[in-house]
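For reference, the chains in residue letters:
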Amino acid sequence: MPVSPLFTDFYELTMAQGYLRHGHNPDVVFDMFFRRHPFSGGYTIFAGLADLLADLEGLRFSDDDLAYLEEDGSFDREFLTYLRDFRFSGDLFAFREGSLVHPGEPLIRVHAPLIEAQLIESLVLNVINFQSLIATKAARVYAASRYGKILEFGMRRAQGYDGALRASKAAYLGGAAGTSNTLAGKEFAIPVSGTMAHSWVMSFDSEAEAFRRYAELYPDAAILLIDTYDTLGSGLPNAIEVGRELQKRGKRLGVRLDSGDLAYLSKQVRSGLDHAGLEDAIIAVSGDLNEQIIAQLIDEGSPIDLWGVGTQLATGHPDASLTGVYKLAARRQADGFSPSMKVSDNPAKMTNPGIKQVYRLFDGNGSPLRDMIALINEETPRGEITLYHPTIHYKHRVTSDYDRVEEQLQPVMQEGRICSPAQPLQAQREWVISQLKSLDESFLRIINPHEYKISLSRELRDLKFRMIDEAGSR
C-alpha cells in the first residue's frame, strides 16, 4: 500500500512552506545514522532499505491529503500547488541491506533539494529505525542459539498491524527461520509455521485424544504441546504413545514446552523420548524467550531443537527504538557544496560534516576489522592508513594490517528512481548469517561485547575540528 507523504512530522511541512516562500531550496546532503547499538550489543543489522526505496519512489500527495492540509489553514495556495506536483527526485547512497553497521557512520546519504530532503526525514527514520532494531534482536537471538532454528511468534503483541508485518520481515532478515504471521508469509515469502495452542488440548475430552486427532490431521508436522496439564506425568506419556503410532507410519514426532523449568524439563523429555525409541523426535520450546535465556539454556546443555521467540523479538525488548537520526551534512552554495555540522556541548552528539564515504577494512578471512569515514573527494585508502578517533582530536593509530578495503555506500536511487533492485529476502538473510559467522566472537558477546572501531580520515578529522573551533570563536 503506497504511503502518504503526510506520514511526516508536522514541522517538516511548516519548514517546507517557509523554505518555498523565501525561495530557499538549495541542494543538500543529509546523513541517516544512529548513536549507539541497541541492547548494549556489538553490532546492528541495517534493515528496511527496500521498503524505504519503494515508498520514496511512489510518494505522492493525494487530493484527500491536500484537502486536509487546506482545511488545517496553516498552508497557502502556493505551497499546496507545490505539493500537488511533489515527487521525490533525489539520489540515495546506502549500505547494502543486511549489513552489520555501527554508530556514527552514515547508513544512508540523501542528495536532494532541501524541501524534498526535509519532507522524507520522518519516513526514513521510521522505516530504518524499527526494522533495524528488530533485525538486530533476531540476529542476537539467532547467534545465542548457536545458529539453531528460530521461529518468530510475536505478532499478537507487536506494535500494531504494520508493526507486526515489518517485525516478521525484519526478524527473518536477522536470522529467524520462519514466522507464525500468515500474512507476512504471503507478502514476503517467509516460511510460516505453527502447531497448536493449549485451547486445542483443552477442547477435547482427553489430552491423548487431542494429540491423536492433531497427529491424524498433520502427520508431517505433529508438534504436540505437552504442558497443558502435567508435562512429565501426562503430556509426555501421551505424546510418546502418539509418537510411536507416527513412527510406524514413517513420521517423526515433535513436542513443545511453553512453561516451567525449560532446562530441567527438556532433559527429562529427551530422556523419555529416547527411552521410548523416539530418538529422532524434536523438542521445541517457547514462553517469553530472549537471547539471554536461550544462551543460558544452551550453556546448560538443554537438548532443544527449535526456539519459538515471540514478544521480546517482535517488540525489540528492552529497547524501544534504534537511536537513528537524520542530520544535514552539506548544502550547495555559489562555489559548490559547503559542509554543515551540528556542534554540541556533548561530543557524542556532534555530527561529522561534509559529503562522506564509509570504507570497511577486512582481514584475509573476510572478517571486518574496522570502518573509516572519509570525505568523498579523498582517494580510496590503501597501504599504510592513519585512523583518527571521531571525538578525541589527538588520538590516532596507523595500520597496514588488513587484506582489502571496500566502499560501503553505494547508489541505490537516482533522480527518485530505484537503480539498485533489492535482492530476494532469502538471499539477504543468508548474507546476514554469513556476516555474523565471519565476525569475531568478541563482538557477538551478549554481555560486554568488544567495541568495533569507527575512525575518521585525516581530512575529515581536520575539517570537523576546524569547524568546532570556528563555532567556538563565534
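As the structure is a prediction and not an experimental result, all values here were calculated from the model. (Residues numbered from 1 in each chain as written. Predicted model: local features only at pLDDT ≥ 70, side-chain atom pairs only at ≥ 80, totals over all residues. Heavy atoms only, no water.)

**Let's talk about the overall build of the protein chain**
Secondary structure summary: the protein chain contains 17 helices and 21 strands in total. By residue count, 53% of the 474 residues in the protein chain fall in the buried class. Of all intrachain contacts in the protein chain linking residues separated by at least 6 positions in sequence, the fraction that spans at least 24 positions is 73%. Carbon and sulfur atoms provide 48% of the accessible area of the protein chain, an area that totals close to 21,600 Å². In the protein chain, which carries 50 positive and 64 negative side-chain charges, the distance between the mean positions of the two groups comes to 3 Å. (Helix = DSSP H or I, 4+ residues; strand = E, 2+ residues; numbered from the N terminus. Buried < 20%, exposed > 50% of the residue type's maximum accessible area, 1.4 Å probe, protein only. Contact = heavy atoms within 4.5 Å. Areas by Shrake-Rupley, 256 points an atom, 1.4 Å probe, with all protein chains shown as cover. Lys, Arg positive; Asp, Glu negative; His and termini not counted. Charge placed at Lys NZ, Arg CZ, Asp CG, Glu CD.)

**A few points about empty space enclosed by the protein**
Unoccupied space between atoms shows up once a probe the size of one water molecule is rolled over them. Overall, the coordinates contain one cavity of 30 Å³ or more when judged by the stated rule. In terms of lining, the largest cavity is formed by Val3, Ser4, Pro5, Phe7, Leu59, Leu119 and Leu123. Residue classes in the lining of the largest cavity are distributed as six nonpolar, one polar and no charged. (1 Å grid on protein atoms, 1.4 Å probe; cavity = no way out; pocket = protein on both sides within 12 Å on 5 of 7 lines; lining within 4 Å. Points joined across faces, edges and corners; volume = space filled by probe spheres on them. Nonpolar A, V, L, I, M, F, W, Y, C, P; charged D, E, K, R; others polar.)

**As for the packing of helix 2 (residues 49–57) against helix 6 (residues 121–144)**
At a minimum axis separation of 9 Å, helix 2 and helix 6 run at an interaxial angle of 160°. As summarised for this structure, helix 2 and helix 6 are arranged roughly antiparallel, according to the angle between their axes. Judged by the sense of rotation from one axis to the other, the crossing of helix 2 with helix 6 is right-handed. Only Leu123, Val124, Val127, Ile128 and Gln131 of helix 6 make contact with helix 2, whose side of the interface consists of Leu49, Asp51, Leu52, Asp55 and Leu56. Class assignment for the residues of the contact of helix 2 with helix 6 results in seven nonpolar, one polar and two charged. (Axes fitted to C-alpha atoms, helices over the stretch in contact; angles between N-to-C directions. Parallel < 35°, antiparallel > 145°, perpendicular 65-115°, else oblique. Left-handed = near helix turned anticlockwise from the far one by under 90°.)

**Remarks on the side chain of Thr228**
With respect to the helices and strands, Thr228 occurs in the loop between strand 8 (223–225) and helix 11 (231–248). A relative accessible area of 17% means that Thr228 is categorised as buried. Sequence-distant contacts of Thr228, that is, excluding residues within four places in its chain, are made with His198, Val201, Met202 and Glu207.

**Quick word on the pattern of salt bridges**
Summed over the entire model, instances satisfying the criterion amount to 26 salt bridges. With a shortest N-O distance of 3.8 Å, Arg360 and Glu105 are connected by a salt bridge. Remark: Glu105 occurs in the loop between strand 4 (100–101) and strand 5 (108–113) and Arg360 occurs in strand 14 (residues 356–362); sequence separation between them is 255 residues. With respect to class, Arg360 is no different from Glu105; both count as buried. In this structure, Glu187 engages Lys186 in a salt bridge whose closest nitrogen and oxygen atoms are separated by 3.3 Å. For Lys186, a relative accessible area of 64% corresponds to the exposed category. (Salt bridge = Lys/Arg side-chain N within 4 Å of Asp/Glu carboxyl O.)

**Considering the sheet that holds strand 11 (residues 306–309)**
Read from one edge of the open sheet, six strands run 7-6-11-10-9-8, paired in parallel fashion. Of all strands in the sheet, those bounded by a partner on one side alone are strand 7 (178–179) and strand 8. (Pairing = 2+ DSSP bridges.)

**Some thoughts on the packing of aromatic side chains**
Here a ring pair, both rings aromatic, is described through the centre-centre distance and the interplanar angle of the planes. According to the stated counting rule, one finds 11 aromatic pairs in the structure shown. Here the aromatic rings of Trp200 and Phe204 are separated by 5.0 Å at their centres, their planes lie at 55°, and the arrangement is tilted. A relative accessible area of 27% means that Trp200 is categorised as partly exposed. By relative accessible area, which is 22% here, Phe204 ends up partly exposed. Among the aromatic residues, ring-to-ring pairing joins Phe10, Phe61, Phe75, Phe79, Tyr82 and Phe86 into one connected group. We note Arg96 situated over the ring of Trp431; from NZ or CZ to the ring centre the distance is 3.7 Å. (Phe/Tyr/Trp six-rings, centres within 6.5 Å; stacked < 30°, edge-to-face > 60°. Lys NZ or Arg CZ within 6 Å of the ring centre and 35° of its normal.)

**Remarks on the sheet that holds strand 13 (residues 336–339)**
By way of backbone hydrogen bonds, the strands of a sheet pair with one another, either parallel or antiparallel. Strand order in the open sheet formed by seven strands is 13-12-1-5-3-19-20, with antiparallel pairing between adjacent strands. With one partner strand each, in any of the chains shown, strand 13 and strand 20 (417–418) form the two edges of the open sheet. Two strands pair when backbone bridges link them, and strand 3 (residues 91–94) and strand 19 (residues 410–414) are joined in this way by three bridges, in the antiparallel orientation. Considered in strand 19, the bridge of Leu92 is made with Met413. Strand contacts of helix 2: strand 3, strand 5, strand 19 and strand 20, with the helix running at about 25° to strand 19, the strand carrying the most contacts.

**Some points on helix 6**
Between its terminal C-alpha atoms helix 6 stretches 34 Å, which fits the 34 Å expected from 24 residues at 1.5 Å a residue. Burial runs high along helix 6: 23 of the 24 residues are buried. Arg146, located one to two residues past helix 6, shows a positive phi value of around 60°. (Expected span 1.5 Å × (residues − 1).)

**A short note on the pairing of strand 12 (residues 324–333)**
Pairing geometry for strand 1 (residues 27–34) and strand 12, over seven bridges, is antiparallel. Within the sheet, the bridge partner assigned to Val28 lies in strand 12 and is Arg331. Here strand 12 hands over to strand 13 after two residues, the two strands then running antiparallel side by side.

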